[in-house]
Amino acid sequence: IAAVAPAGADFGDAPRLALAGRIVLPAFVDAHTHLDKGHIWRRAPNRSGQFPDAIQAVGADRAANWSAADVAARMEFSIASAYARGTRAIRTHLDSIAPQAEISFPVFAAARERWKGRVELQASPLFGVDVTFEPGHLETIEAMVAEHGSGLLGAVTYMIPRLQEALDALFALAERRGWDLDFHVDETAD
């Protein structure tokens, strides 16, 4: 919507729609999704519907199937479906445990470029906060977000003995790079 004005206002050659009796709403913004996890049900169902079983099914499917081509096809279908139903912005988490970050972030960047001007795409890495301490992990995440990401850094937080240290490392990286933070904080009953 470029402008709203009383009947008879002159907007030159701008397109106009007669909307008497109708409702105009802004486009949908999906602030939290997982484009890399979508559309795996047929090969990795979670028949119990329980969270631990979902994590197990996704982990097994990721290890067996999540190549660049697989992630790209599922991501493309998800974005196209969302766009067809009025979505104009999506923020997604991308599973980012080794080696997935180096597979999914370039795929995401290519999708963001393809959909530019139609759907604004943002991505945040997603990994268990304990993985922060694995040698080379944060360096890989920093490189992927810097080259292919959206200036967002994230993780799944849960109670671990070194939680404060892990959060300090993530916040320091975000501050050094000028990145925003997008954490999962709802993963356990703690």
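This one's a predicted model, so the numbers in the text were calculated from it and none came from an experiment.

1. What to know about the pattern of salt bridges
1) Next: Under the criterion given, the structure shown has ten salt bridges.
2) Next: In this structure, aspartate 61 engages arginine 43 in a salt bridge whose closest nitrogen and oxygen atoms are separated by 2.7 Å. With aspartate 61 in helix α1 (residues 51-65) and arginine 43 in the loop between β1 (28-33) and α1, the pair connects residues that are 18 residues apart, well separated along the chain.
3) Next: One connected set of salt bridges, linked through shared partners, spans Arg43, Asp61, Asp70 and Arg74.

2. Overview of the side chain of histidine 148
1) Next: Structurally, histidine 148 is set in helix α4 (residues 137-148).
2) Next: Among all residues touching histidine 148, those that are not within four sequence positions of it are Phe105, Pro106, Phe108, Ala109 and Arg112.

3. Points about the environment of leucine 167
1) Next: In this fold, leucine 167 is placed in helix α5 (residues 163-177).
2) Next: On a C-alpha basis, the gap between leucine 167 and glycine 154 in space is 9.9 Å, while along the polypeptide they are 13 residues apart.
3) Next: In contact with leucine 167, other than residues within four places in its own chain, are Thr157 and Phe183.

4. Description of the side chain of threonine 87
1) Next: Structurally, threonine 87 is set in strand β2 (residues 87-95).
2) Next: For threonine 87, a relative accessible area of 6% gives the class buried.
3) Next: Setting aside residues no more than four positions away along its own chain, threonine 87 makes contact with Phe28, Asp30, Ala82, Arg118 and Val119.

5. A look at the packing of aromatic side chains
1) Next: Per the stated rule, a full pass over the model turns up two aromatic pairs.
2) Next: Ring centres of phenylalanine 171 and phenylalanine 183 lie 5.9 Å apart, and the angle between their planes is 10°; this geometry places the pair in the stacked category. Pair noted here: phenylalanine 171 is in helix α5 and phenylalanine 183 is in the segment after β5 (180-181), with a separation of twelve residues, a long-range link.
3) Next: Positioned above the aromatic ring of phenylalanine 133, the side-chain terminus of arginine 162 is 3.7 Å from the ring centre.

6. Brief notes about the nonpolar core
1) Next: Judged by nonpolar contacts, the single largest core of 38 residues is most densely connected at Met75, Ile79, Phe105, Leu121, Phe127, Leu153 and Leu170.
2) Next: Residue assignment for this core shows that the elements contributing at least two residues are α1, α2 (68-84), β2, α3 (100-115), β3 (120-126), α4 and α5.
3) Next: With residues near it in sequence (within four places) discarded, leucine 121 still touches Leu35, Ile79, Ile90, Phe108, Ala111, Arg112, Trp115 and Ser150.

7. Here we look at the packing of α3 against α4
1) Next: For the pair α3 and α4, interaxial distance at closest approach is 9 Å and the crossing angle is 10°. It follows from the interaxial angle that α3 and α4 lie roughly parallel. Here Ala101, Glu102, Phe105, Pro106, Phe108, Ala109 and Arg112 of α3 come into contact with α4, specifically with Thr140, Ile141, Met144, Val145 and His148.
2) Next: Of the residues belonging to the contact of α3 with α4, the class tally is eight nonpolar, two polar and two charged.

8. A closer look at α2
1) Next: For α2, with 17 residues, the first-to-last C-alpha span of 24 Å sits near the 24 Å given by 1.5 Å per residue.
2) Next: Contact partners of the buried residues in α2: α1, β2, α3 and β3.
3) Next: Downstream of α2 by a residue or two, glycine 86 has a phi angle that is positive, lying close to 100°.

9. Regarding the environment of phenylalanine 171
1) Next: Owing to a relative accessible area of 43%, phenylalanine 171 belongs among the partly exposed residues under this scheme.
2) Next: Non-local contacts of phenylalanine 171, meaning those with residues more than four positions away in its chain, are made with Leu181 and Phe183.

10. Things to note about a nonpolar patch on the surface
1) Next: A surface patch of nonpolar side chains, amounting to about 290 Å² of accessible area, comprises Leu17, Leu19 and Val24.
2) Next: Tracing the sequence through the fold places leucine 19 in the segment before β1.

Reading the values: the criteria
Counting of residues starts from 1 at the beginning of each chain's written sequence and follows it residue by residue. Only residues with pLDDT of at least 70 get local features here, since the model is predicted, and only at 80 or more are side-chain atom pairs given and counted; chain-wide, interface and lining totals rely on the full set of residues. Heavy atoms throughout the structure, all of them, feed into the side-chain values; hydrogens and water do not. By definition, a salt bridge exists where a carboxyl oxygen of Asp or Glu is found within 4 Å of a side-chain nitrogen of Lys or Arg. Numbering of helices and strands starts at the N terminus; helices are DSSP runs of H or I of at least 4 residues and strands are runs of E of at least 2. In what follows, a contact means two residues having at least one pair of non-hydrogen atoms within 4.5 Å. Relative accessible area decides the class of each residue, using a 1.4 Å probe on protein chains only: under 20% of the type maximum gives buried, over 50% gives exposed, and in between gives partly exposed. Only the six-membered ring of Trp is used, alongside the rings of Phe and Tyr, when aromatic pairs are assigned; centres must lie within 6.5 Å, and planes under 30 degrees apart are stacked while those over 60 apart are edge-to-face, with the rest tilted. Any Lys NZ or Arg CZ that is within 6 Å of a ring centre and within 35 degrees of that ring's normal is treated as a charge sitting over the ring. Working definition of a nonpolar core: buried Ala, Val, Leu, Ile, Met, Phe, Trp, Tyr and Cys residues. They are joined through side-chain atoms within 4.5 Å. Fitted lines through C-alpha atoms give the axes, limited to the stretch in contact for helices. The angle between two N-to-C directions lies from 0 to 180 degrees. When an angle is under 35 degrees it counts as roughly parallel; over 145 it counts as roughly antiparallel; between 65 and 115 it counts as roughly perpendicular; any other value is oblique. In this count, Pro and Cys sit with the nonpolar residues alongside Ala, Val, Leu, Ile, Met, Phe, Trp and Tyr, while Asp, Glu, Lys and Arg are called charged and the others, Gly among them, polar. To estimate how far a helix should extend, the number of its residues minus one is multiplied by 1.5 Å. Within this analysis, patches are made of residues with over 30% relative accessible area and no salt bridge. Like charges are joined at 9 Å or less; nonpolar side chains (Val, Leu, Ile, Met, Phe, Trp, Tyr) at 5 Å or less. Values of accessible area rely on a 1.4 Å probe in the Shrake-Rupley scheme; residue burial ignores everything except the protein chains shown.

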